[in-house]
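# Observations on chain architecture
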Amino acid sequence: MSRKILIILLLLLLGVGAVTLVNAQSDAPFGIQMVRQTADLMMGAENASDPAIKLGTAEYWNTRNNFMIELQVDEGWQLVDAQVYAGLETPPLKKDKPVPGRFPCKRDFAVLKDRNMVMCSLKEELDHSWGGLKTRYVAIHADLTKVDEFGITLTTDVWAIPTTEEGLVEEYTKWPTMHWGGYFTTVFVHPRRGH
């Protein structure tokens, strides 16, 4: 009889340990990020009447502590740097043009490649704290470079324009004096609510 009780106690202890393990795993970083949203990286055409040219994509999302942006540019192009704005007010302008150098989150990439990640601190760089308004104006800008088939170095810049999963352009506000690029809104979602 005492052997049966010992086995039952052992099984109960193993069951409690397994439940504790499952609860500990629910706090893993992968379980606390929201669904990624997408944007096209658009370069302005030489002629203002021509449409902007897509040179890559961006995915953006937030975790509890960071606003994450993954940039991917087309083959041949390389990312030099990126600037990110996410605030309660519209991005800063000078003479009706955006000023990416004044965006709070700026990254220079030491190694030039076609894919890179930008991680902006919600608290330190974007002045965000949980409990306040969660809707933010967002602008994502990057500078690119490439060497063409003649050995000439080309440079350009791109702006992220939000798109749906089907590739349709979502609502955004164009820069006042530019024929391409702009800013849009997104909602920071607390990882403990709705993730």
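First, a word on scope: everything that follows refers to the structure included in this document. Just so you know, these numbers come straight off a predicted model, no measurement behind them. (Residues numbered from 1 in each chain as written. Predicted model: local features only at pLDDT ≥ 70, side-chain atom pairs only at ≥ 80, totals over all residues. Heavy atoms only, no water.)

A separate point is the nonpolar core. In this structure, Phe67, Ile69, Leu71, Val84, Val118, Cys120 and Ile140 are the most contacted members of the largest nonpolar core, which totals 29 residues. Of all the elements in the fold, those that place two or more residues in this core are strand 1 (37-43), strand 2 (53-62), strand 3 (66-73), strand 4 (78-87), strand 7 (105-113), strand 8 (115-121), strand 9 (135-147) and strand 10 (153-163). Non-local contacts of Phe67, meaning those with residues more than four positions away in its chain, are made with Tyr60, Trp61, Asn62, Val84, Ala86, Val118, Met119, Cys120, Leu122, Leu126, Val138 and Phe188. Ranked by size, the runner-up nonpolar core spans 7 residues in total, among them Phe103, Ala139, Trp175 and Trp180. (Core = buried A, V, L, I, M, F, W, Y, C linked by side-chain atoms within 4.5 Å. Buried < 20%, exposed > 50% of the residue type's maximum accessible area, 1.4 Å probe, protein only. Helix = DSSP H or I, 4+ residues; strand = E, 2+ residues; numbered from the N terminus. Contact = heavy atoms within 4.5 Å.)

For the structure on display, the rule yields 8 aromatic pairs. Judged by centre distance (6.3 Å) and plane angle (65°), the ring pair of Tyr60 and Phe67 falls under edge-to-face. Each of the two residues, Tyr60 as well as Phe67, counts as buried. Between Phe67 and Phe188, the ring centres sit 5.3 Å apart and the planes meet at 50°, which makes this aromatic pair tilted. With Phe67 in strand 3 and Phe188 in the segment after strand 12 (182-187), the pair connects residues that are 121 residues apart, well separated along the chain. A residue is classified by how much of its surface remains accessible, and Phe67, at 1% relative accessible area, is buried. (Phe/Tyr/Trp six-rings, centres within 6.5 Å; stacked < 30°, edge-to-face > 60°.)

Applying the stated criterion to the full structure yields 1 disulfide. Across a sulfur-sulfur distance of 2.1 Å, Cys105 and Cys120 are joined as a disulfide pair. Here the S-S torsion is close to -85°, and the disulfide linking Cys105 with Cys120 is therefore left-handed. Linking Cys105 in strand 7 with Cys120 in strand 8, this pair joins segments that are 15 residues apart in sequence. (Disulfide = S-S within 2.5 Å.)

What follows is about unusual backbone geometry. Of note in the backbone geometry, Lys95 takes a positive phi value of approximately 55° without being a glycine. Tracing the backbone through its elements, the reader meets Lys95 in the loop between strand 5 (93-94) and strand 6 (97-98). Looking at Lys95, the relative accessible area reads 76%, which means it is exposed. Unusually for a residue other than glycine, Asp96 sits at a positive phi of about 65°. Relative to the elements of secondary structure, Asp96 occurs in the loop between strand 5 and strand 6. For Asp96, a relative accessible area of 41% puts it in the partly exposed group.

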